[in-house]
Amino acid sequence: MAVSIRFVVKRLLLLIPVLFGVATIVFSILHLSPGDPAIIIAGKNASAEKIAEIRRSLGLDDPIYVQYARFMIDSAQFRFGRSFKVEAGLTVREILRIKLPITLELAVYGQIAGIALGIPAGILSAVKQDTLTDHLTRVGALSGISVPIFWSGPLLILVFAVWFSVLPTSGRIAIDYRVPAVTNMITVDTLLFALGRTLENGFDTDHFAAFGSAVRHLILPAGVIGIYSMALISRMMRSSMLEVIRQDYIRTARAKGQGAKITLMKHGFRNALIPVVTVIGIQFGTLLGGAVLTETVFGIGGIGRLLVEAVQVSDYPVVQGTVLAFAVLFTLVNLFVDMTYSYLDPRIEQ
Amino acid sequence: MSTETASRTESRGILDRLRASPFLSDLLSNRLALVGIVLIGLMVVVALYARLFLDLEALLRTQLGENPTLAAPSAEFPFGTDRQARDILPRVLYGAWLAMLYGTVTVGLSTVLGIGLGTLAAYYGDVTDNVIMRTMDVLLAFPSLLLALAIVSIFPDELGLWRAVIALTLVYIPRFARVIRGAALAVLEDEFVDATIALGAKDTRVLLRHLFPNTLAPITVQSTLNFGLAIIDIAALSFLGFGATAGTPSWGLMLSNGVRFGLLTGQWWWSLFPGLFLAITVLGFNLLGDGMRDALDPRMREAID
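Residue indices begin from 1 for each chain and proceed along its sequence in written order. All chains are assigned letters beginning at A, and all ligands numbers beginning at 1, according to the order in which they are written. Only residues with pLDDT of at least 70 get local features here, since the model is predicted, and only at 80 or more are side-chain atom pairs given and counted; chain-wide, interface and lining totals rely on the full set of residues.

(A) Looking closely at the overall build of chain B. Of regular secondary structure, chain B possesses 13 helices and zero strands. Runs of H or I in DSSP of at least four residues are treated as helices and runs of E of at least two as strands, each being numbered from the N terminus. Across chain B, helices and strands are ordered from the amino to the carboxyl terminus as α-α-α-α-α-α-α-α-α-α-α-α-α.

This is how it looks when you write it as structure tokens:
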């Protein structure tokens with residue numbers, strides 16, 4: 001076991017100061033923001049007493065260090081109070097519990113598409129180095145990174161939803177379907193629903209209609225994300241593969257009479273994969289950030305869209321909670337990438 | 001006569017030195033990088049043309065009544081018109097100027113500040129290094145666009161695209177600081193630096209004469225690659241409603257309006273052209289940056305030999 005418990009614990013402890021800094025930045029940003037939350041809650045025409053009362057109840061009259069300390073304690077428990085605009089009345093925790101899975105689901109499918117396309121493309125490019133195939137793959141990859149999601153997304157909607165009407169324009173599922181929310185991941189929920197019905201009433205393709213609708217809604221957004229991650233993954237796969245196939249152990253394997261394809265897959269691929277895993281991890285973090293754009297383009301109500309709306313109407317509790325949730329997720333993904341890295345390549349110092 | 005000979009020898013000297021530089025010759029023999037240079041060059045020409053010959057006031061004004069509204073591309077309006085009956089072509093061309101201007105300021109500022117912080121951290125080490133780099137770590141703990149989004153909200157709307165410039169500069173500084181600190185640490189290990197210090201050189205002399213020139217290459221690559229990203233991110237913030245003020249012919253805002261009001265009703269030209277120009281510009285910087293990185297990587301150079 002290459003990853004020791006000590007290593008994991010050490011890395012987790014090192015996260016504490018980073019998260020402390022992250023929370024401090026969130027606190028500062030919100031306190032530098034113009035606009036008084038009390039006025040936003042009470043409305044512009046509220047009386048002075050009413051506003052003063054809200055200020056007191058929110059603790060806005062306390063000295064700044066008291067507010068900071070309270071914010072840090074609340075953040076550590078992930079308590080941010082209730083939304084006062086976007087999802088008025090719900091606690092930020094409840095909102096995130098519903099919306100976070102939506103964002104994660106999209107990112108996972110997008111990343112799967114990116115890996116499925118990017119790894120073969122990268123290997124092909126490396127094996128056929130400096131041929132037309134290689135050049136086309138590389139230009140394709142660079143174009144994939146250069147095309148913004150908020151342009152490729154709408155173009156795909158135009159072609160597949162508006163002109164050919166083969167896929168839906170936006171949303172997560174057709175409105176005709178009502179499926180109980182268990183995990184809030186639409187493909188999982190619809191599948192659970194279909195399986196439940198099948199167990200009760202026997203198999204019928206109708207049970208899977210909702211699942212089909214959910215999948216059709218996911219094709220374009222996941223595809224757009226996939227194109228982008230494919231570009232990064234194939235680039236890394238190519239350069240890493242090129243480096244690995246020049247190593248002595250590959251020559252040794254070939255010299256002892258092993259076939260080119262077996263050598264490539266058995267010795268080359270596994271070792272070349274190490275840096276690719278890092279890119280996939282970093283990519284996943286970037287995808288979370290990109291969620292604000294994908295969700296806006298495709299009308300998906302995850303935490304990306306939530307953050308944009310909350311910032312627009314100065315719904316501070318939601319902004320705080322969402323930004324912190326994003327930062328924590330992002331940091332954990334990076335930590336996980338580091339651990340995978342040292343697991344795959346035990347030579348890397350822990 | 002003699003001065004002419006002298007200047008010719010000198011200029012040949014520079015050319016020879018350029019030719020002898022493995023970085024430049026590798027870069028110029030990389031066809032994709034050349035395509036990148038051509039694309040960037042074209043956009044710079046478009047940007048300068050728009051700045052010099054197009055009247056911004058006229059581009060902002062609504063043309064209702066004078067032009068047809070939402071006209072499809074035609075000989076008269078090659079890129080069509082928008083809901084305000086404005087000709088989209090000159091607006092897209094002017095967008096090139098805005099993208100180049102704001103992109104340059106963003107990348108320039110974050111490069112300069114990143115160089116400062118990165119070199120200080122590497123050179124002084126210890127506490128300075130820790131304070132600077134741990135702060136950078138915290139900033140890097142946010143997905144970049146999200147942090148930019150949160151920072152943008154601090155500034156008043158009137159600042160328009162400058163809000164995006166400030167926010168993205170803050171977001172990009174850590175990347176530059178990291179790259180530069182790494183490069184500077186590698187240079188500091190070299191014996192010639194010890195020799196210079198032993199000879200009694202001052203800190204500023206070591207930093208400016210020895211450290212800075214030797215970290216120039218990685219800085220250039222990072223800036224070029226980041227240029228494409230900056231242009232996309234500025235457009236992204238406008239697309240989300242946190243950048244250009246209403247009416248500004250910025251690619252992000254035109255795309256946003258085109259998508260929101262023209263996509264489902266079939267006015268594809270409204271969003272197609274701004275996005276196309278955006279993508280071409282970014283592709284140019286990515287091609288060039290990629291070529292630079294390959295040319296700098298000694299392992300790649302071995303492969304070419």
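That shown, we press on.
(B) Representation of the nonpolar core. Of all hydrophobic cores here, the largest spans 168 residues; its most connected members are A:Leu307, B:Ala96, B:Leu146, B:Ala148 and B:Leu149. Residues are defined as contacting one another if the C-beta atoms placed from their backbone atoms lie within 7 Å. If near-sequence neighbours (up to four positions away) are discounted, B:Ala148 is found in contact with B:Ala167, B:Leu168, B:Val171, B:Asp233 and B:Leu237. What makes a nonpolar core is a set of buried Ala, Val, Leu, Ile, Met, Phe, Trp, Tyr and Cys residues, with links drawn between C-beta atoms within 7 Å. Partly exposed residues are those falling between the two cut-offs: more than 12 but fewer than 20 other C-beta atoms within 10 Å of their own, whereas 20 or more means buried and 12 or fewer means exposed, with C-beta atoms placed from the backbone.

(C) Representation of the interface of chain B and chain A in the model. Listed per partner, the contact involves 39 residues of chain B and 42 residues of chain A. When residues of the side of chain B that touches chain A are traced back to their parent elements, those giving at least two are α6 (126–140), α7 (144–152), α10 (203–239), α11 (251–262) and α12 (269–296) of chain B. No other element matches the nine residues that α12(B) contributes to the side of chain B that touches chain A. Residue type decides the class: Asp, Glu, Lys and Arg count as charged, Ala, Val, Leu, Ile, Met, Phe, Trp, Tyr, Cys and Pro as nonpolar, and the leftover types, Gly among them, as polar. Residue composition of the side of chain B that touches chain A, grouped by class: 27 nonpolar, eight polar and four charged.

(D) Molecular detail of the packing of helix α8 (residues 161–189) of chain B against α10(B). Residue and element names in this part refer to chain B. A fitted line through C-alpha atoms serves as each axis, taken over the contacting stretch for helices, and the angle formed by two N-to-C directions is quoted from 0 to 180°. Packing of α8 against α10 leaves a shortest axis separation of 9 Å and a crossing angle of 155°. By the angle class used here, α8 and α10 are roughly antiparallel. Of the two elements, α8 crosses α10, and the hand of that crossing is right-handed. Where α8 abuts α10, its residues Leu161, Ala164, Leu168, Tyr172, Arg175, Phe176, Val179, Ile180, Ala183, Ala184 and Val187 lie against Leu211, Asn214, Thr215, Pro218, Ile219, Gln222, Asn226, Ala230, Asp233, Ile234 and Leu237. Class assignment for the residues of the contact of α8 with α10 results in 16 nonpolar, four polar and two charged. We call two directions roughly parallel when the angle between them is under 35 degrees, roughly antiparallel when it is over 145, roughly perpendicular when it lies between 65 and 115, and oblique otherwise. A crossing counts as left-handed when the near helix is turned anticlockwise from the far one by less than a right angle, and as right-handed when that turn is clockwise.

(E) The packing of helix α5 (residues 92–127) of chain A against helix α11 (residues 260–297) of chain A, seen in detail. All names here are of chain A. Orientation of α5 relative to α11, taken along the N-to-C sense of each, is 125°, at an axis distance of 10 Å. Here α5 lies oblique to α11, going by the angle between them. At the point where α5 passes α11, the crossing takes the right-handed sense. On the side of α5, the interface is formed by Thr103, Leu106, Ala107, Gly110, Gln111, Gly114 and Ile115, while α11 contributes Ile280, Gln283, Phe284, Leu287, Leu288, Ala291 and Thr294. Across the contact of α5 with α11, the residue classes tally to eight nonpolar, six polar and no charged.

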